[in-house]
Structure formats: structure tokens, C-alpha cells
Number of protein chains: 2
Amino acid sequence: MTDAPALKELLAFAHQLADAAAGTSLPLFRNAPDIDNKLTDGFDPVTAADRNAEVAMRALIEAHYPDHAITGEEFDNKTGEALVTAFEWVLDPIDGTRAFISGMPTWGTLIGLNQNDRPVLGMMEQPFTGERYFATAGQGAFLRHADKSMAIKTRACARVKDAVLATTTPALFIDTPAEAAWHKVAAAAKLTRYGGDCYNYALVALGQIDAVVEQGLKDVDIQALIPIVEEAGGIVTDWQGGPAHKGGTAIACGDRAVHTQLKDMLNG
Amino acid sequence: MTDAPALKELLAFAHQLADAAAGTSLPLFRNAPDIDNKLTDGFDPVTAADRNAEVAMRALIEAHYPDHAITGEEFDNKTGEALVTAFEWVLDPIDGTRAFISGMPTWGTLIGLNQNDRPVLGMMEQPFTGERYFATAGQGAFLRHADKSMAIKTRACARVKDAVLATTTPALFIDTPAEAAWHKVAAAAKLTRYGGDCYNYALVALGQIDAVVEQGLKDVDIQALIPIVEEAGGIVTDWQGGPAHKGGTAIACGDRAVHTQLKDMLNG
């Protein structure tokens, strides 16, 4: 048993993970990636980039922190061995595979770190645009772009009618019990945008959009994004106002006031 | 009256226009642009970037080609004086203003050139990602990215069921006579993506997506994109198969086979 590494050290390591993921994913972007379908009855493309980036990140974690747990999108979870430190890396090598295979630069590599089941670090890497969003608990949120890092902050938005709202696709809601609720909030917002995947959450942290509403998320889709939004001044919960890091539904907002309104509308 | 400038000279000049537009729009991107509403009953944001970029491009055109006509998104049209050359620049300084104000890098500056009412040059500039797509009649289509230029080609796609289909937003169709037709093609495609504006057409030219279907376009929204898609090997028409450069409806495809199928489905 060794002392738990400091968050600062773990953030530096997360940058290494993002570099490794970018090195494997970017050469395959817009380059006829090897696509197959996970589901026989649907379209859930997985690219070589997805697998290669996760392999690269797992290898680094196992080399540097062999006692840390790993939860990944593409491979079986690895249980951590050090119950005292209880660190778990949560990896989604390509969040937004549909954007990736369409040539749209709105996908990202998500790297989260939980300590004792609580998100303490989040990173979202978009190598084509050269953007990397990251945050650690209590230390604020940052965007590194073109070799410059800047602290980022959400923006104020008190009312849904003034909000720019985003979600990945209306297909998340159509023919589900939440369809009517979604249409209600989409119609109430000043502007509703589709597309975006993880990029939407980063834009909440950056103070460019006000809210993301989604459902059907996996834990790996959301965990890394929670520290980024919250350290930038925002809030992420499920639709009932509880923790969102296990996946399912999510409301991510830059301003608590609009979050409360959206939560009430979605449940009203 | 002077001799008509060669297309090669005009392409070099279009690059100057795109540089000028980028120089005025990019500093305002994600930088609290000055937003107001064009329509009192809707949300049609116009940014300072939009106006400044058009002013910058118009000034260059008037300085270099004072007898060319100008059709722009933001200001009154200028009628050309040289009927023999009959050149008309068609400018949309920020296509995708909703993407722009949401911080999404999927907007673009559109620069088109018509000769005798026929599109002969098209350019789409995305300064945040550093992408510039351009084409001139008979000379192919190109993408310049990170100071490298490459010829681009559409990809083969024979059937709608194999197609990646994109449109800017389902709101283009909802509560219009075309709503049912849109739902039919959206359900038939392998993958349907929302968001994108002009960027979707560029991705058709790049061979990353197979089709864009839209309606309610203005001439400035589409003219610059037609040479880019067609010189890359694709086809752009209205939903009836006629010319699309006056705006209205559009089907842009990389492969004529899928274009024919989509046209039949939209009219069937």
C-alpha cells in the first residue's frame, strides 16, 4: 500500500492519457475507419479509433497505477486492488461515434477519475479542433486550446425562455415516455440545438450554451463531464435532481436557476 | 470595359476575401458577440461578426472589382455594371449563426461567384477549425487545412439505407407540408444527423456523409456550396431535380444513385 497520489499528479497523468488517445484517434478521423456494428438491430458504430484509444489509455494506467480500477466503453472493467485509494478511471475513448464517422469534429475522448465513487477529475479531448477541457475537484475548470490554457466559467441564465438548450439528437426522446416532456422544454427554450454529444457539456462549461438535457446515458458518457461543468460553476444532476454520474438521465446547466426550472418542467 | 478576369485570379481573390472574413469573425467567436434579433416573432440572431465580415468582404470587392455585382446576407444587393463579364459575388458572412452563438465550430463563411447567373466558384471558410473548402468550375474541389491543400472527392453510396444523411435541424420540416416526407427519408437512412449548416455540405464533398436534405434556404445559403459539392463529384438540385442555386429546397449528394432515390422519396 502506498500513499494516494495527489490530484495534481493525477491531472498531469490524465493529460498523458489524452495525448495517447489523440495519437491513436486523430489519424483515423475522416480516414475510412474500420466500422462495425455493435448491435444487430441498430446502428451503434464502433471504430478502430475507439478500441485503439482505449487500449492505449489502459496500457498507460496499468503501467503507472496498476492498483487503480478501470471502467471503459470498449473492454471489460478492471476492479481496483487498492481499497484505500479507491481510484477508478472511467474512459470513453470516442464519445460521439456517430459524429466521428460523419466527419464532424464534435466528438471527444472522455477521461474521468473517481475517488471512492465520487468524480474528482474530468477531461474532454477534441484533437481535431485542438481543444482540451479539464477540471479537478476544487481547482476550477480549464480549456487548453492551441497551447494556451484559460480558466472557464459558465454564464448566468435565469430562465428557460432565455436559454440555449442542446441535446445530441431528438431520437433520444422520440417514442419514449419522455417525448412530451422533451418537446415542452425544447419549445420553451430560446434556441434548441441538436448534435454535439460531449461537446455540448463542454460548451456549457465555457459559458456558450445554457443547458443540456439527455437520457439514456451510460456512466462513461457523463462522469468525466460532471467535474468540468461543476468546476466551471454549473450543475449536473439526473432529472430528479440526484447524482448523474451513474448514467441515465442528465440535466447540465450553467446556472442553478435554469436547472431548477428545467427539472420542474421535465417532471411536471 | 475590360477583359473578364480568369477564374484562377478570382480564386486567389476569394482566398483574400476568406482571410478578411476570418479576421473579423474569429475574434468574436465565443467572445460575447453583440446579438440582436432580425425578426420580432422569431429567433434569427445576427452577430457583429456577421456584419463586420460582410463589410470587410464588400470593401475588398469594391476596391478590386468595382464593376462586379454583390449579393450579401446583411446589406442591400449591389447591381453589377459590367454586363459582359456579369460577375456576381454571393456572400453569407456567417452561415450558421445559431451554431456561432452556441460556440459550435460548424458555421462557415460562404463566398460564391456567379458568372452569367451560373455558379463558377465556391468557398466555405471555417476559421476556428482552420478548414477552407473551395472549388472552381472544371478545376475540382479542395480542402485547405493547417496550411495543406488536398483534392477532395465524394464517396459512393448507392442506397438511402446505406446513407449518412444530415440536415441542420428538424425544425426545418416540422409543421410544414414536407414533414412527412422528411420523416420518411430520415427513417430510411442508415444514420440521420442534425446540426451542421454549411458544414454538412462540405462533409458531403469530403466523402464523409452521403446526403443533405433541406428546405427554406436563401440563395446565399447554398450558392457557394454547389461548386464545392459538384466539383468533388456530387450533385446538388432542388427537390424536383432542378437548379438549387436560387434557394428553396435542396438535395446534395455525393452519389447520383442516392440522389435519385431521395428525390423520388421526397416527392413520392
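Since this is a predicted model, take the numbers as computed values, not measurements. Sequence order as written defines residue numbering, which begins from 1 separately in each chain. Chains and ligands are labelled by the order in which they are written, letters from A for the one and numbers from 1 for the other. For a predicted model such as this one, the threshold for reporting local features is a pLDDT of at least 70, and the threshold for listing and counting side-chain atom pairs is 80 or more; totals across whole chains, interfaces and linings nevertheless cover every residue. Side-chain measures were taken over the full set of non-hydrogen atoms in the model, leaving aside hydrogen atoms and water.

### Description of the relation of the copies chain A and chain B
Superposition of chain A onto chain B requires a rotation of 180 degrees combined with a translation of 0.0 Å along the rotation axis, giving an RMSD of 0.0 Å. Overall, the copies show the geometry of a two-fold rotation axis. Two residues form a contact once any of their heavy atoms are found within 4.5 Å. Most of the interface of chain A is mirrored in chain B, where 100% of its interface residues again form contacts. Each copy is superposed on the other by least squares, with the fit set by C-alpha atoms of residues at a pLDDT of at least 70 in both.

### Some details on the interface of chain A and chain B
Across the contact, 32 residues belong to chain A and 32 residues belong to chain B. Accessible area that two parts lose when put together, with a 1.4 Å probe and added across both, is what the buried area reports. By the criterion of area lost to chain B, the three top residues of chain A are Arg30, Met104 and Arg193 of chain A, representing 23% of everything that side buries. What makes a salt bridge here is a side-chain nitrogen of Lys or Arg within 4 Å of a carboxyl oxygen of Asp or Glu, nothing more. At the junction of chain A with chain B, the criterion picks out two salt bridges. Here Arg30 of chain B and Glu131 of chain A are joined by a salt bridge, their closest N and O atoms 2.7 Å apart. The term polar contact refers here to a pair of N or O atoms within 3.5 Å; inside protein, the definition further demands a hydrogen-donor-capable atom paired with an acceptor-capable atom, and it admits residues adjacent in sequence only when both atoms are side-chain atoms. Remark: the boundary between chain A and chain B carries eight residue pairs in polar contact (both at pLDDT 80 or more). Among the secondary structure elements, those contributing two or more residues to the side of chain A that touches chain B are helix H3 (97–101), strand S7 (131–136), strand S11 (191–194) and helix H5 (198–205) of chain A. Classification used: nonpolar for Ala, Val, Leu, Ile, Met, Phe, Trp, Tyr, Cys and Pro, charged for Asp, Glu, Lys and Arg, polar for all others including Gly. Residue classes in the side of chain A that touches chain B are distributed as 15 nonpolar, eleven polar and six charged. A helix here means a DSSP run of H or I that spans at least four residues, while a strand means a run of E at least two residues long, and both kinds are numbered starting from the N terminus.

### Structural notes on the packing of aromatic side chains
Put simply, two rings from Phe, Tyr or Trp (the six-membered ring, in Trp's case) pair if the centres are within 6.5 Å, and we call them stacked under 30 degrees between planes, edge-to-face over 60, tilted for the rest. Using the criterion set out here, one finds 21 aromatic pairs over all chains in the structure. With a centroid separation of 5.4 Å and an interplanar angle of 65 degrees, the aromatic rings of Phe29 of chain A and Phe128 of chain A are classed as edge-to-face. Taken together, the residues Phe29 of chain A in the loop between helix H1 (7–25) and strand S1 (36–37) and Phe128 of chain A in the loop between strand S6 (118–126) and S7 connect sequence positions 99 residues apart. Accessibility classification places Phe29 of chain A together with Phe128 of chain A in one group, the buried group. Put simply, the rings of Phe173, Trp182, Tyr194 and Trp239 of chain A together with Phe173, Trp182, Tyr194 and Trp239 of chain B pair up and form one aromatic cluster. Buried means the residue's accessible area, taken with a 1.4 Å probe over protein chains only, is under 20% of the maximum for its type, while exposed means over 50%, and partly exposed covers the values in between.

### Let's talk about the sheet that holds strand S12 (residues 211–217) of chain A
Residues and elements named next belong to chain A. One requirement defines pairing of two strands: DSSP has to find at least two bridges between them. Pairing in this open sheet of five strands is mixed, and the strands run S11-S10-S12-S14-S13 from one edge to the other. Of all the strands in the sheet, the pair left with one neighbour each is S11 and strand S13 (235–237). Within the sheet, the average angular offset between the axes of one strand and its neighbour, ignoring direction, is 15 degrees. Alignment of strand S10 (residues 164–167) against S11, held across four bridges, turns out to be parallel. Considered in S11, the bridge of Thr167 is made with Tyr194. Axis definition: a line fitted to C-alpha atoms, limited for helices to the stretch in contact. Angles are taken between N-to-C directions and run from 0 to 180 degrees. Along the sheet, helix H4 (residues 179–188) makes contact with S10, S11 and S12, crossing S10 at roughly 145 degrees. This element, H5, spans S10, S12 and strand S14 (248–253) of the sheet and lies at about 150 degrees to S12.

### Here we look at the pattern of salt bridges
Residues and elements named next belong to chain B. Tallying each qualifying case throughout the model produces 14 salt bridges over all chains. The partner of Glu125 in a salt bridge is Arg132, with the nearest N and O atoms 2.7 Å apart. Just as Glu125 is buried, Arg132 falls in that class too. Note that Arg155 and Asp210 form a salt bridge whose closest N and O atoms lie 2.8 Å from each other. Of this pair, Arg155 sits in the loop between strand S9 (148–151) and strand S10 (164–167) while Asp210 sits in the loop between helix H5 (198–205) and strand S12 (211–217), and the two are 55 residues apart along the sequence. Judged by its relative accessible area of 2%, Asp210 is buried.

### Some words on the domain arrangement of chain A
All names here are of chain A. How far each domain reaches was decided by an automatic or database domain assignment. By the assigned domains, chain A splits into domain 1 (4–151) and domain 2 (160–266). With 36 residues of domain 1 at the interface, the matching set in domain 2 holds 20 residues. Across the interface of domain 1 and domain 2, roughly 2000 Å² is buried in total on both sides, 64% from carbon and sulfur atoms. Among the residues of domain 1 in contact with domain 2, Thr106, Pro119 and Tyr133 are the three that bury the most area, contributing 24% of the side total. The interface formed by domain 1 and domain 2 includes one salt bridge. Joining domain 1 to domain 2, the criterion identifies eight residue pairs in polar contact (both at pLDDT 80 or more). Elements supplying a minimum of two residues to the side of domain 1 that touches domain 2: strand S3 (69–72), strand S4 (87–95), strand S5 (108–115), S6, S7 and strand S8 (141–145). For the side of domain 1 that touches domain 2, the element with the highest residue contribution is S6, accounting for six residues. Taken together, the residues of the side of domain 1 that touches domain 2 sort by class into 17 nonpolar, 14 polar and five charged.

### Observations concerning the packing of H1 of chain A against helix H2 (residues 48–64) of chain A
Residue and element names in this part refer to chain A. Taken N-terminus to C-terminus, the directions of H1 and H2 make an angle of 150 degrees; their axes are 8 Å apart at the nearest point. Taken together, the axes of H1 and H2 are roughly antiparallel relative to one another. The crossing of H1 and H2 is right-handed. Contacts between H1 and H2 pair Phe13, Gln16, Leu17, Ala20, Ala21, Thr24 and Ser25 from the former with Ala49, Asn52, Ala53, Ala56, Met57, Leu60, Ile61 and His64 from the latter. Its residues placed into classes, the contact of H1 with H2 shows ten nonpolar, five polar and no charged. The labels follow the angle: roughly parallel below 35 degrees, roughly antiparallel above 145, roughly perpendicular from 65 to 115, and oblique for the rest. Note: crossing handedness is left-handed where the near helix turns anticlockwise from the far helix by less than a right angle, and right-handed where it turns clockwise.

### Describing H4 of chain A
Because each turn of an α-helix spans 3.6 residues, side chains separated by three or four positions in sequence point in the same direction. All names here are of chain A. Those residues of H4 lying buried are Ala181, Trp182, Val185 and Ala186. Viewed end-on, H4 has its buried residues packed into an arc of 130 degrees, placing them on one side of the element. Turned more than 90 degrees from where H4 packs its buried face, Ala180 and Ala187 sit exposed. Looking at the buried side of H4, the elements it contacts are S10, S11, S12 and helix H8 (256–267). Note: the arc covers the axis-to-C-beta directions of the helix.

### Considerations on H5 of chain A
Residue and element names in this part refer to chain A. Extensive coverage of H5 is indicated by the burial of eight of its eight residues. Among all positions in H5, only Cys198, Tyr199, Asn200, Tyr201, Ala202, Leu203, Val204 and Ala205 are buried. Positive backbone phi, approximately 75 degrees, marks Gly207, located one or two places after H5.

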